[in-house]
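# A structural walkthrough
Each chain, letter by letter, is given below.
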Amino acid sequence: MPAARPHIEPRRVPTADSVVVKELYLSLQGESSHAGMLCGFIRLTGCHLRCTYCDSEFAFHGGSRMKVSEVVEKALAWNSPTVEVTGGEPLLQPGVYPLMEALLDAGLKVLLETSGAIDVRLVPPAVHKIVDMKTPSSGECDRNDYRNLTSMNANDELKIVIGSRVDYEWARALVQEHQLGKKPYGVLFSTIFDKLHPRQLAEWIIEDRLPVRFQLQMHKYLWDPNERGV
Ligand SMILES: C[S@@+](CC[C@H](N)C(=O)[O-])C[C@H]1O[C@@H](n2cnc3c(N)ncnc32)[C@H](O)[C@@H]1O
Ligand SMILES: Nc1nc2[nH]cc(C(=O)O)c2c(=O)[nH]1
Ligand code: SF4
Ligand SMILES: [Mg+2]
């Protein structure tokens, strides 16, 4: 007689209409090609990586669970055409997908800041993805999901945060091997704040004539670099 099949309940995602939010604030976008624009920030709690240089460790824990509808209401109250979902690692929370859909439905331009360690194919195509491929000095380079290099479109940007000559040569090899200058999306090269002098990175890029956009974290020059909520 065959063994009785176990009864398995269908998998449910009870949290999909809510997210755990660490902070919500209005500022100027400090990074990417959207830098300088008014932007509301939705910072979600939790991250599975531990980049050596992370400036947002405070977002690894805590925060408050909020309904997606409540977050959208707060986002609309900023009266900013653009919002960014960041973290922590925002794609770890199942509720982030309905959140992004709801923000788009509300007529907002939605930016997403995510590490390159998570497959981005489920992100709604209208979202502007900023995908950060981790360099050796982050300590998390082996977590990169390189399928993301072919899952991004003209709205998106690949970001590489560089803290040393080793990181730079790693990033340069990535650009050259994958012919990233020919992709529909742009490539951003940024420095780890206070680790590599920005001028040094600028000079390397010029010397090698790399097809990338140099950028700084503008908010760290406008405000105290340790200030929260900016
Ligand atoms: C705090 S993370 C949150 C989103 C996601 N976890 C990620 O890593 O992309 C946002 C961005 O800040 C960058 N970042 C964090 N600490 C930094 C630092 N000390 N200097 C420069 N960029 C930093 C990250 O590399 C990432 O591109
Ligand atoms: N002003 C400002 N711009 C940002 N762009 C990306 C940020 C982030 O922490 O993901 C960030 C941030 O923390 N502040
Ligand atoms: S992935 Fe982002 S939030 Fe997580 S540790 Fe790295 S920089 Fe910080
Ligand atoms: Mg930040």
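Residues numbered from 1 in each chain as written. Chains lettered and ligands numbered in written order. Predicted model: local features only at pLDDT ≥ 70, side-chain atom pairs only at ≥ 80, totals over all residues. Heavy atoms only, no water.

Counted only if it meets this: UniProt positions are given in the numbering used here, feature names are shortened, and annotations may be inferred rather than shown by experiment.
An unreviewed UniProt entry lists the protein chain under the name 7-carboxy-7-deazaguanine synthase, with Corallococcus exiguus given as the organism. Under Sequence similarities (unreviewed entry), UniProt gives the following word-for-word description of the protein chain: "Belongs to the radical SAM superfamily. 7-carboxy-7-deazaguanine synthase family." For the protein chain, the Pathway (unreviewed entry) comment in UniProt is given as "Purine metabolism; 7-cyano-7-deazaguanine biosynthesis."

### Observations regarding the UniProt feature "domain: Radical SAM core" (unreviewed entry) in the protein chain
Rules: To qualify as a helix, a DSSP run of H or I must reach at least 4 residues; to qualify as a strand, a run of E must reach at least 2; elements of each kind are numbered from the N terminus.
Following the UniProt record, one finds the feature "domain: Radical SAM core" (unreviewed entry) at residues 34–225. The span residues 34–225 carries 25% helix and 23% strand; its end-to-end C-alpha distance comes to 20 Å.

### Digging into helix 1 (residues 68–77)
Selection rule: Throughout this description, buried means an accessible area under 20% of the type-specific maximum (1.4 Å probe, protein chains only), exposed means over 50%, and partly exposed covers the range between. An arc is given here, and it is the one of the directions from the helix axis to the C-beta atoms. Between two residues, a contact is recorded if the distance between any of their heavy atoms is within 4.5 Å.
Restricting attention to buried positions, one finds in helix 1 the residues Val68, Val71, Val72 and Ala75. Each buried residue of helix 1 lies within a common arc of 100° when the element is viewed along its axis, so the set occupies one face. Across helix 1 from its buried face, at more than 90 degrees, point the exposed residues Ser69, Glu73 and Ala77. Turning to helix 1, the residues buried within the fold contact strand 1 (18–28), strand 2 (38–44), strand 3 (64–67), strand 4 (82–86) and helix 2 (96–105). Among the residues trailing helix 1, Asn79 stands out with phi positive, at a value near 60°.

### Topic: the nonpolar core
Cut-off, in case you're wondering: Only buried residues count toward a nonpolar core, which is a set of Ala, Val, Leu, Ile, Met, Phe, Trp, Tyr and Cys residues joined through side-chain atoms within 4.5 Å.
Of all hydrophobic cores here, the largest spans 45 residues; its most connected members are Leu103, Leu158 and Phe189. Dropping the residues within four chain positions of it, Leu103 is found in contact with Ile42, Val72, Ala75, Val83, Val85, Leu108 and Val110. Judged by nonpolar contacts, the second largest core, of five residues, contains Cys47, Leu49, Cys51 and Phe60.

### Some details on the site of ligand 2
Put simply, the rule reads: For this purpose, a residue is taken to be near a molecule or strand whenever a single non-hydrogen atom of the residue falls within 4 Å of it. Polar contact criterion, stated in full: a pair of N or O atoms within 3.5 Å, where within protein one must be able to donate a hydrogen and the other to accept it, and residues adjacent in sequence count only if both atoms are side-chain atoms. What sets the accessible areas is the Shrake-Rupley method with a 1.4 Å probe; for residues, cover comes only from the shown protein chains. Cavities and pockets are found on a 1 Å grid laid over the protein atoms alone: a cavity is a set of points where a 1.4 Å probe fits but cannot escape, a pocket is an open set with protein on both sides within 12 Å along at least five of seven lines, and a lining residue has an atom within 4 Å of such a point. To be counted as sitting in a cavity or pocket, a molecule needs more than half of its atoms within 2 Å of that site's grid points. Here the nonpolar group is Ala, Val, Leu, Ile, Met, Phe, Trp, Tyr, Cys and Pro; Asp, Glu, Lys and Arg are the charged ones; every other residue, Gly included, is treated as polar.
Residues in contact with ligand 2 amount to 13 residues; listed here are only the nearest, Leu28, Gln29, Arg43, Thr86 and Val230. Separating a nitrogen atom of ligand 2 from a backbone N or O atom of Gly30 is a distance of 3.0 Å. One of the side-chain N or O atoms of Arg43 is found 2.9 Å from an oxygen atom in ligand 2. Burial of ligand 2 by the surrounding chains reaches 93%, relative to a free accessible area of 320 Å². Of the pockets mapped on this structure, ligand 2 occupies the largest pocket. Among the secondary structure elements, those contributing two or more residues to the shell around ligand 2 are strand 1, strand 2 and strand 4. Residues that form the shell around ligand 2 fall into these classes: four nonpolar, five polar and four charged.

### Some details on the layout of surface pockets
Note the following rule: Grid points are joined across faces, edges and corners, and a volume is the space filled by probe spheres set on the points.
Estimates place the volume of the largest pocket at around 940 Å³. Together, 44 residues line the largest pocket, and Glu31, Arg43, Asp55, Ser56 and Gln217 are the ones closest to its centre. The residue inventory of the lining of the largest pocket, partitioned by class, reads 15 nonpolar, 14 polar and 15 charged.

### Topic: the sheet that holds strand 1
Rules: When DSSP locates at least two bridges between a pair of strands, those strands are taken to pair. Every angle, taken between N-to-C directions, lies between 0 and 180 degrees, and every axis is a line fitted to C-alpha atoms, over only the stretch in contact when it is a helix.
With mixed pairing, nine strands are arranged side by side in an open sheet as 3-1-2-4-5-6-7-8-9. Single-partner strands in this sheet number two, and they are strand 3 and strand 9 (213–215). Pairs of neighbouring strands in the sheet enclose a mean axial angle of 30°, with direction left out of account. Here four bridges tie strand 6 (residues 128–133) to strand 7 (residues 157–162), and the two strands are oriented parallel to one another. Counted as the bridge partner of Asp132 is Lys159 from strand 7. Strand contacts of helix 1: strand 1, strand 2, strand 3 and strand 4, with the helix running at about 85° to strand 3, the strand carrying the most contacts. In the packing of helix 3 (residues 165–177) onto the sheet, contacts are made with strand 6, strand 7 and strand 8 (186–191), and the angle to strand 7 comes to roughly 155°.

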